[in-house]
Amino acid sequence: MNFSTTTPSDVGIEPQWLMNFLKRLDYQQIPLHSAIIMKNNQICMETYYAPYTKESLHRMFSITKTFVAMAIGLLCEEGKLKFDDHIVDYFQEKLPKDGAYPYTAMLTIKDMLIMRTCHNETTFKAKGVTDWVGSFFTTLPNHMPGTNFSYDTGSTHVLGALVEKLSGMKILDYLRSKGLDELGFSKDAYILTDPNGVSMGGSGMCATSRDILLMMMLLVNDGALNGKQYLPKDFVREAKQKHSDPFVKQATLEEIQGYGYQLWQTTHNGYVMFGMGGQLALYVPEKDIYMITTADTQGRQGGVQLIYDAFWEEIYTKIQEHSVLPESNNSCAWDFNSNQPVSDKELNDFLNTRKLYTITGNYHSSMTEKISGITYICDDNNCGVTDICVDITKTNGTFNYTNKTGKHTINFEFGNNAYGIFPDYNLQYAASAAWRLDDFLVIKIQINDYAVGNLYIALTFKENHVTVMFKKVEETFFLEYDGVFSAHAQ
């Protein structure tokens, strides 16, 4: 699809507001990867944080759920299922040998769409599970379906398996055949699969930011674009309504507003496709505005809410119902220069220089000469690391270590990111470092691949010892990079 673009001023938005939005998130140390603002069906801001580009495929996590819901709607339109069908009827081969548990037997497809399932946790995350779909049926449920809101990724995974079973196609291929290809959805986009080859309908999509914008436009327009109906109109309209109340279950302001068919409601009467870590596709009808972000706020409590708050306060509430722009105000206490006028060109130059987040702190320490190049022998530890050595120059360094798979090196820079392939996992990373105290060095490693997350290596030096803290903030991998141990100079 050819997206229309324009200047912010042409749609009643001051460039200054957009710059403030991004600068505020920089100030709050929110690692954005991309951001798009579209108003009146025209993109007025689009930026990508290097090394991300417009063509980059990004893990969208639970945004995948909305795609699964739309596929279910299409199958219903084809007459291949009904919303009040019981899910056990489609997966007899997955049931316990004595038959379905009573609560599981009651569960309908609609219950699953609105996250009123019979499980309070995602069953396939239990230790030792390899059959993700099967675990949903063999795990004893703890409540009656159709009652309690419970955000159950395993339930959506089963719905995705149902899509593949009834269509004979992968989820994304089925949606492509129904119009995504025709609309220009990325050819390279894909959905990761579970150990049995079933598409990860709850969290596995890797796509571009514009792909997500495209799906959101379909939802906004009740399933139609360019004069053609691609998704069932009535189903899409129902998907955007409140069917469940997450008030008790969820914690943040935006997440307690309501839930439709695998789609969240928000404050300001908006609705959003929401994926872990700041993957957001938000639309607010009252001002006809979209916000698309990709990010990695994992490990930052309340980080996604900060993105919402920045959008509401720096952009949304300043837009007037008429086309005349209001005078700039200086209500933004976090940045005393935020009220300075910004031209469209200045904004564009700013957008073109966005880079991936780097950790803040000092870039020099009196400890550098004492510890650089020294090999430290590690105490026994659960991480399996036997020795470490940090080599540091004025602008960069390497963290060298030995574990059960051999000797490895991670490159990092001060004030910038160094890029590489993470040892053993073959995943792209970006690493920056800073001295947070004179004796405390932190290396932040951002995983930017089909896996998205952070690893921290925190080193505290004292006399001829160093204490190492590995912390991983990532959903699936890097279990051995989580622990604390000490080491002594060789």
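**Comments concerning the pairing of strand S9 (residues 271–275)**
For S9, the buried fraction is high: five of the five residues fall into the buried class. Here S9 shows no split at all, with Tyr 271, Met 273 and Gly 275 on one side and Val 272 and Phe 274 on the other all buried. Note: strand S8 (residues 264–265) against S9, two bridges, orientation antiparallel. When the bridges of S9 are listed, Trp 264 appears paired with Val 272. Linkage of S8 to S9, two consecutive antiparallel strands, is achieved through a turn of five residues, within which His 268 is found at a positive phi near 60°. Alignment of S9 against strand S10 (residues 279–284), held across five bridges, turns out to be antiparallel. When the bridges of S10 are listed, Gly 275 appears paired with Gln 279. Connecting S9 to the antiparallel partner S10 that follows it, the hairpin turn spans three residues, and Gly 277 within it adopts a positive phi of roughly 90°.

**Side note on the sheet that holds strand S2 (residues 42–48)**
Strands sit in the order S2-S1-S11-S10-S9-S8 across an open sheet of six strands; the sheet is antiparallel. Every interior strand has two partners, whereas the edge strands, S2 and S8, have only one. Strands in contact with helix H2 (residues 63–77) are S9 and S10; relative to S9, the strand with the most contacts, it is inclined by about 120°. Relative to S10, helix H10 (residues 303–314) is tilted by about 35°, and along the sheet it contacts strand S1 (32–39), S9, S10 and strand S11 (289–295).

**Things to note about the confidence of the model for the protein**
When pLDDT is averaged across the protein, the result is 93; 96% of the residues are at 70 or more. In this model, residues 322–334 is a region of pLDDT below 50 whose contacts with residues beyond four sequence positions or in other chains number 22 contacts.

**Some words on a nonpolar patch on the surface**
A cluster of nonpolar side chains, namely Tyr 103, Met 106 and Met 144, defines an oily patch on the protein surface of about 260 Å² accessible area. The class for Tyr 103 is partly exposed, based on a relative accessible area of 34%.

**Some thoughts on the sheet that holds strand S3 (residues 58–61)**
Read from one edge to the other, the open sheet built from three strands follows the order S3-S5-S4, with strand pairing classed as antiparallel. The open sheet has two free edges, formed respectively by S3 and strand S4 (190–191), since each of these has just one partner strand. Pairing between S3 and strand S5 (residues 205–207): three bridges, direction antiparallel. What sits directly across from Arg 59, in S5, is Cys 206. Each of S3, S4 and S5 touches H2; the most contacted strand, S3, lies at about 65° to it. Its contacts with the sheet place helix H8 (residues 209–220) against S3 and S5, and it is angled at close to 105° to S5.

**Describing the side chain of Asp 222**
Along the chain, the position of Asp 222 falls in the loop between H8 and strand S6 (224–225). In this view, Asp 222 contacts Gln 229, Leu 231, Lys 233, Val 236, Arg 237 and Lys 240; residues no more than four positions away in its chain are not counted.

**Overview of the state of the cysteines**
Tallying each qualifying case throughout the model produces zero disulfides. Left without a disulfide partner, Cys 378 is nearest to the cysteine sulfur of Cys 383, which lies 9.3 Å away.

**What about unusual backbone geometry?**
Cis peptide bonds are those with omega within 30 degrees of zero, and the linkage from Ala 50 to Pro 51 qualifies with 15°. Position of Pro 51 relative to the elements: it lies in the loop between S2 and S3. Despite not being glycine, His 268 shows a phi value in the positive range, around 60°. Note on placement: His 268 falls in the loop between S8 and S9.

**Topic: the environment of Gly 277**
In this fold, Gly 277 is placed in the loop between S9 and S10. Its relative accessible area of 4% is what places Gly 277 among the buried residues. With 216 residues separating them along the chain, Gly 277 and Phe 61 place their C-alpha atoms 8.3 Å apart.

**As for H10**
Taking 1.5 Å of rise per residue, twelve residues should cover 16 Å, and H10 covers 16 Å from first to last C-alpha, within 8% of that figure. Counting buried residues along H10, ten of its twelve residues qualify, which places the element largely inside the surrounding structure. Along H10, the residues that are buried comprise Gly 303, Val 304, Gln 305, Leu 306, Ile 307, Tyr 308, Ala 310, Phe 311, Trp 312 and Glu 314. Here the buried face of H10 lies against helix H1 (15–27), S1, S9, S10 and S11.

How each quantity is defined
Residues numbered from 1 in each chain as written. Predicted model: local features only at pLDDT ≥ 70, side-chain atom pairs only at ≥ 80, totals over all residues. Heavy atoms only, no water. Buried < 20%, exposed > 50% of the residue type's maximum accessible area, 1.4 Å probe, protein only. Helix = DSSP H or I, 4+ residues; strand = E, 2+ residues; numbered from the N terminus. Pairing = 2+ DSSP bridges. Contact = heavy atoms within 4.5 Å. Axes fitted to C-alpha atoms, helices over the stretch in contact; angles between N-to-C directions. pLDDT = per-residue confidence, 0-100. Patch = residues over 30% accessible without salt bridge, like charges linked within 9 Å, V, L, I, M, F, W, Y side chains within 5 Å. Areas by Shrake-Rupley, 256 points an atom, 1.4 Å probe, with all protein chains shown as cover. Salt bridge = Lys/Arg side-chain N within 4 Å of Asp/Glu carboxyl O. Disulfide = S-S within 2.5 Å. Expected span 1.5 Å × (residues − 1).

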